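# Structural characterization, general
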Amino acid sequence: MLRVGRAVACVACNNLVSKNMGVRFRMPLQKLHPLSRAIHHRYNASANAQRPPHCSAARHFTSMSRLPMRPPKPPPGGHGGWRYQQHRNFWMLRLASRLLKLRYIVLGSAVGGGYTAKKTYEEWKDMLPDMSAYNWVVPDFVWELSDQIDLDKLTKILPELEEIAKLLPELPDFDKIGENFTFLKSILSTAEAPGDTPVKAATEAPVTATPEASDKQFKKSSDKEKVDQLQEELLRTQMKYQRMLERLEKENKDLRKVVLQKDEKGIHQRKIKVCKSLIDMYSEVLDILSDFDSNYNTQDHLPRVVVVGDQSAGKTSVLEMIAQARIFPRGSGEMMTRSPVKVTLSEGPHHVAMFKDSSREFDLGKEEDLAALRHEIELRMRKSVKEGQTVSPETISLSVKGPGIQRMVLVDLPGVISTVTAGMAADTKETIFSISKNYMQNPNAIILCIQDGSVDAERSIVTDLVSQMDPQGKRTIFVLTKVDLAEKNLASPNRIQQIVEGKLFPMKALGYFAVVTGKGSAGESIDSIKDYEEDFFQNSRLLRDGMLKAHQVTTKNLSLAVSDCFWKMVRESVEQQADAFKASRFNLETEWKNNYPRLRELDRNELFEKAKNEILDEVISLSQVTPKHWEAILQKKLWERVSTHVIENIYLPAAQTMNSGTFNTTVDIKLKQWTDKQLPHKALEVAWETLQEEFARFMAEYKGKDQDDIFDKLKEAVKDESIKRHKWNERAMDSLRVIQHNALEDRSITDKPQWDAAIQFMEETLQARLKDTDSVINDMVGPDWKQRWMSWKNRSPEQHTRNETRNELERLLKLHEDHTAYLANDEVTTVRKNLEGRGVEVDPALIKDTWHQLYRRHFLQKALQHCNLCRRGFYYYQRHFVDSELECNDVVLFWRIQRMLLITANTLRQQLTNTEVRRLEKNVKEVLEDFGEDNERKIHLITGRRVQLAEDLKKVREIQEKLEAFIEALHKEK
């Protein structure tokens, strides 16, 4: 593999040696041009610049750069004069080779292609003339050394340099270059004053040449025509060498692709691996830093290329040209970039793209993969934007690899807007400014400022923003896009020249570039855009007239310049950043040792895993609950849930009929309705609540041992979410309904203990209801005489009225102990008149309300007395003495209810232990998995200084380790 570059001639091996990617290539010296061999022997006699390590004779020579600029004086004698002339001629030859870069041209043509193609191109650009004025005559470095060069002597040696140039017939168009030296000689001879520069003399004074030169070159043409002719010839020479270099670079690109493909199979793996992974290592550091937040004044000052510009100025198109693929969503005039996109560019054998958090690889050579990539980027942008907002500060990380791609990290930001339009959030403009400033305020960030050349420069907003963030322009690169439209539409193309020279905007920059990114069609390929850009600048009068310089145009030159600037900034700042994170790590470790000396440094994810295991252990502990405990809890809770309905809607309405047949009929009907509609639902609700309470109880008991209170919010959230997701098996309800219906239909009490248990259950229930009724009556009538005297309490007027009404109704009950549950209208009238006779005005509704509570108490008291009598009634019940005066149907009802509760509790316990506990455990696992994938929820549920300190420690350590690994790889690459 051959490359254009610096070749070193070695006397010891009589070869030309060029280093290229660790491989040495030699070319026999005899194959060189005779003049080249002469230069070779002369050069080896006096130079030792960049000697190859294999040559042991290198140390015996001195560098050519140390030779004196003036020839030595001739010794006395004729023979010495000849030697002096010969030495003088060789001095001229060395000076010519230095000025014209002859060794680069001759030896570069022999070696050809390789790593230094780009550097050679840059050197040619420096050597070739500038068409904007008369600087094309001599390279720029000559003017920089003008104070050290004797112009008179330079004028004398120009004819000899001209002859030397004519001795090179194999090089293209050097006859014209020889003419340039003649013209230069004439210009230097006409300089009027010592303070005038050659360019100034050439522009202000007419060109006067020697008689021989004027006969050959300037006899029939004016100075201006000659300048135009030379400029055109020089431009053609530039384009010719540009095409030659592009061809060599294309060949080099193909060769590197082959090498990289072989690298995947293990060839040159160690050396190429460092080059391939260096930018990826750096990108990983930036990804970690994007999420890092610390209170130790350690900020992210690592370099990035921040791409900013007005909306629709062509930011995305420029980035796509650098990445060599149409990877971003496109729109006509609307905002497409809604969040920052970090693109890591690196060289690789295949042109592919991949997201940081995804393993899918998009083949950028296939249109379907390109479309899928653009769609995925658009989806991620829209997903990152919160409801009610238009843009998001959340960064999307993407890596692009391909042959010939310059290694760097770019961040594409949303376009700066001047007006908020319909459909945008009100704070969109301020949010975009805030995001842009956040990235640009990094003192090591390279700002790639994109300006639309097709619109008036005064309409630009981004230039003012960039000027605020980088007023000295030490890290700004200005890019003028859509130059083809600008040249076509602008009445004065000189404005373009003013822009790229930094004279139109107050903004300063390191460099100014002009690019063309296509004709505006979304279907254009990168190759067609490159061809269009190259054709445009070849034919553009901006370049032909000297308004633009060759190194300022095309996105290719732009990407080379940005990449060089990026790596220069990285090398200058990365070690300083590593030291800053080392200091931050020390501070964090010191705080942890002082505040949490006995605890391990567990970050949020590790704490979540610990809490997850504890919660799962607590769920499993539910299986250790005994069946007796489950049934007792279920029976108690179920009766608390249904007791009111049983007493108020079943027992009292049936018992107050005062008829045994009616009682049983009413009870059977109401029990059937209750079982069909409400009872199974109530039972399942009770079972589910019992499961929740037991789950919470086990969590609380576990917490009492060695539980860390940092998990409290997480456990509560897991419990609530698991309960919310849990649904009881619907088939269990149908089977439970059948079981409950059969249990309530059974009336056969088989033994005395069951009878006694039913009576006890009835007494406890009626006593509880009687107690509740007494409490209600006391609240209605107010404090009695004892409370009034002892506690100094008085009755309210309403309580006084109710107390009088109670006394009157109690007298009525004493007269009619078997009174029904309802007062007749005439009885209400009677009570009302009696109260009015005592001066108490009372409403009939108040009388009925008071009667309901009094009769309820009266009935419950009688039912308790009857219950006590039924203790000896099991004999009559067992013998089926229907005509017995002791009828205990109410006892049978409570036995049926009690048996239903027992059977229901047993059934629910079986469902809990056999099915629902495992389903709850499954739900808890699903909730924990969902919480584990939701970082925002974890941050909300696991909080505290201890957690944040551990998080910062982990990230700082990771950043420091990756930075140190990157620095080591960076040094190896050097």
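Residues numbered from 1 in each chain as written. Predicted model: local features only at pLDDT ≥ 70, side-chain atom pairs only at ≥ 80, totals over all residues. Heavy atoms only, no water.

### Side note on the overall build of the protein chain
- Within the protein chain, the secondary structure is distributed over 35 helices and twelve strands.
- Put simply, 77% of the contacts in the protein chain that link residues at least 6 apart link residues at least 24 apart.
- Accessible area of the protein chain: about 50300 Å², with a carbon and sulfur share of 49%. (Helix = DSSP H or I, 4+ residues; strand = E, 2+ residues; numbered from the N terminus. Contact = heavy atoms within 4.5 Å. Areas by Shrake-Rupley, 256 points an atom, 1.4 Å probe, with all protein chains shown as cover.)

### As for the packing of aromatic side chains
- Within this structure, the stated rule accounts for 15 aromatic pairs.
- Relative to F362, the ring of F355 has its centre 6.0 Å away and its plane inclined at 85°; by these criteria the two rings are edge-to-face. Comparing F355 with F362, the two get one shared label, buried.
- Feature note: the residues W639, Y651, F761, W851, Y855, F859 and F894 constitute an aromatic cluster, connected by ring pairs.
- Above the ring of F355, the side-chain terminus of R380 is found at 4.0 Å from the ring centroid.
- We note K938 situated over the ring of F608; from NZ or CZ to the ring centre the distance is 5.5 Å. (Phe/Tyr/Trp six-rings, centres within 6.5 Å; stacked < 30°, edge-to-face > 60°. Buried < 20%, exposed > 50% of the residue type's maximum accessible area, 1.4 Å probe, protein only. Lys NZ or Arg CZ within 6 Å of the ring centre and 35° of its normal.)

### As for the pattern of salt bridges
- Counting across every chain of the model gives 47 salt bridges.
- Across the pair R945 and E591 runs a salt bridge, and its minimum N-O distance is 3.0 Å. Highlighted residues: R945 in helix α35 (residues 945-973) and E591 in helix α20 (residues 555-595), separated in sequence by 354 residues.
- A relative accessible area of 32% places R945 in the partly exposed class.
- Between E614 and K715 there is a salt bridge, and its shortest N-O distance comes to 3.3 Å. With E614 in helix α21 (residues 604-620) and K715 in helix α25 (residues 712-725), this pair connects stretches of sequence that are 101 residues apart. Of the two residues examined, E614 and K715, each falls in the buried class. (Salt bridge = Lys/Arg side-chain N within 4 Å of Asp/Glu carboxyl O.)

### Some details on the confidence of the model for the protein chain
- In the predicted model, the protein chain carries a mean pLDDT of 74, and the fraction of residues at 70 or more is 68%.
- Within the model, pLDDT remains below 50 along residues 164-220, and this stretch shows 70 contacts once partners closer than five positions in the same chain are excluded. (pLDDT = per-residue confidence, 0-100.)

### Observations regarding the nonpolar core
- Ranked by internal contacts, the top residues of the largest apolar core, which has 99 residues, are Y651, W674, W755, I897 and V924.
- Per element, the largest residue contribution to this core is 17 residues, and it comes from helix α33 (residues 889-933).
- With sequence-adjacent residues up to four places away left out, W674 is seen in contact with V642, H645, V646, I650, L679, P680, I897 and M900.
- Within the second largest apolar cluster, 59 residues are counted, among which are F355, I377, V479 and V574. (Core = buried A, V, L, I, M, F, W, Y, C linked by side-chain atoms within 4.5 Å.)

### Topic: the sheet that holds strand β12 (residues 511-514)
- Across the sheet, which stays open at both edges, the nine strands sit in the order β7-β6-β8-β5-β9-β4-β10-β11-β12 with mixed pairing between neighbours. Two strands lie at the open edges of the sheet, namely β7 (362-363) and β12, each paired on one side alone.
- Examined bridge by bridge, strand β4 (residues 305-309) and strand β10 (residues 446-452) share five bridges and lie parallel to one another. For V308, the partnering residue across the bridge sits in β10 and is C449. (Pairing = 2+ DSSP bridges.)

### Regarding the state of the cysteines
- For the structure shown, the criterion picks out one disulfide.
- For C870, the disulfide goes to C888, at an S-S distance of 2.1 Å. One disulfide, between C870 and C888, carries an S-S torsion of -100° and so falls in the left-handed class. Of the two residues, C870 sits in the loop between α31 (844-869) and α32 (874-879) while C888 sits in the loop between α32 and α33, which places them 18 residues apart along the sequence. (Disulfide = S-S within 2.5 Å.)

### Concerning the side chain of T554
- With respect to the helices and strands, T554 occurs in the loop between α19 (541-544) and α20.
- On the basis of relative accessible area, T554 is assigned to the buried category, the value being 17%.
- Of note is the side chain of T554, whose polar atom sits 3.3 Å from the side chain of N557.
- Sequence-distant contacts of T554, that is, excluding residues within four places in its chain, are made with A514, V515, E533 and F537. (Polar contact = N/O pair within 3.5 Å; in protein donor to acceptor, adjacent residues only side chain to side chain.)

### Description of the pairing of strand β11 (residues 476-481)
- Of all the six residues making up β11, six are buried; the element is thus mostly covered by neighbouring parts of the structure.
- Note: β10 against β11, six bridges, orientation parallel. Paired with D452 across the two strands is T481, which belongs to β11.
- With helix α15 (residues 462-469) bridging β10 and its parallel neighbour β11, the resulting β-α-β unit is right-handed. (Right-handed = clockwise from strand over helix to strand, strands pointing away.)

### A short note on a nonpolar patch on the surface
- Taken together, the side chains of W785, W789 and M790 present a nonpolar region at the surface, about 500 Å² in accessible area.
- Topologically, M790 is positioned in helix α28 (residues 785-791). (Patch = residues over 30% accessible without salt bridge, like charges linked within 9 Å, V, L, I, M, F, W, Y side chains within 5 Å.)

### A word on the environment of V516
- Relative to the elements of secondary structure, V516 occurs in the loop between β12 and α18 (526-539).
- The class for V516 is buried, based on a relative accessible area of 0%.
- C-alpha separation for the pair V516 and T555, spaced 39 residues apart in sequence, amounts to 7.6 Å.
- Here V516 is in contact with V483, D484, I529, Y532, E533, F536 and F537, once residues within four sequence places are set aside.

### Looking at the packing of helix α14 (residues 428-440) against α15
- Orientation of α14 relative to α15, taken along the N-to-C sense of each, is 40°, at an axis distance of 10 Å. Considered as vectors, α14 and α15 are oriented oblique to each other. For the pair α14 and α15, the crossing hand works out as right-handed. Residues F433, S436, K437 and M440 of α14 form the contact with α15, whose own contacting residues are L465, V466, Q468 and M469. (Axes fitted to C-alpha atoms, helices over the stretch in contact; angles between N-to-C directions. Parallel < 35°, antiparallel > 145°, perpendicular 65-115°, else oblique. Left-handed = near helix turned anticlockwise from the far one by under 90°.)

### As for helix α30 (residues 825-837)
- Helix length check: α30 (13 residues) gives 18 Å between terminal C-alpha atoms against 18 Å at 1.5 Å per residue, within 8%.
- Inspection of α30 places V828, V831 and L835 among the buried residues, and these make up the whole buried set. Viewed end-on, α30 has its buried residues packed into an arc of 65°, placing them on one side of the element. Among the exposed residues of α30, those oriented more than 90 degrees off its buried face are N825, D826, K833 and G837.
- Elements that come into contact with the buried residues of α30 comprise α29 (797-815) and α31.
- The positive-phi residue at the C-terminal boundary of α30 is G839, with phi of around 85°. (Expected span 1.5 Å × (residues − 1). Arc of directions from axis to C-beta.)

### Examining the pairing of strand β8 (residues 396-402)
- Taken across its seven residues, β8 has five buried, putting it largely inside the fold.
- Where strand β5 (residues 341-347) and β8 come together, seven bridges link them in parallel fashion. By the bridge assignment, T344 is partnered in β8 with S399.

### Remarks on unusual backbone geometry
- For S312, which is not glycine, the phi torsion reads 65° and is therefore positive.
- With respect to the helices and strands, the residue S312 is situated in the loop between β4 and α12 (315-323).
- Of the residues examined, S312 reaches a relative accessible area of 41% and is grouped as partly exposed.
- The phi dihedral of T554 falls on the positive side, at around 75°, and the residue is not glycine.

### Details of the environment of Y877
- Assignment of secondary structure puts Y877 in helix α32.
- As for Y877 and E887, which are separated by ten residues in sequence, their C-alpha atoms are 8.2 Å apart.

### What to know about the environment of E487
- Checked against the element boundaries, E487 lands in helix α16 (residues 483-489).
- Sequence spacing of E487 and R541 is 54 residues, and the spatial spacing of their C-alpha atoms is 8.7 Å.
- Beyond its immediate chain neighbours, meaning those up to four positions away, E487 contacts I496, F536, S540, R541 and L542.
- Looking at E487, its side chain comes within polar contact range of the side chain of S540, at 3.1 Å.

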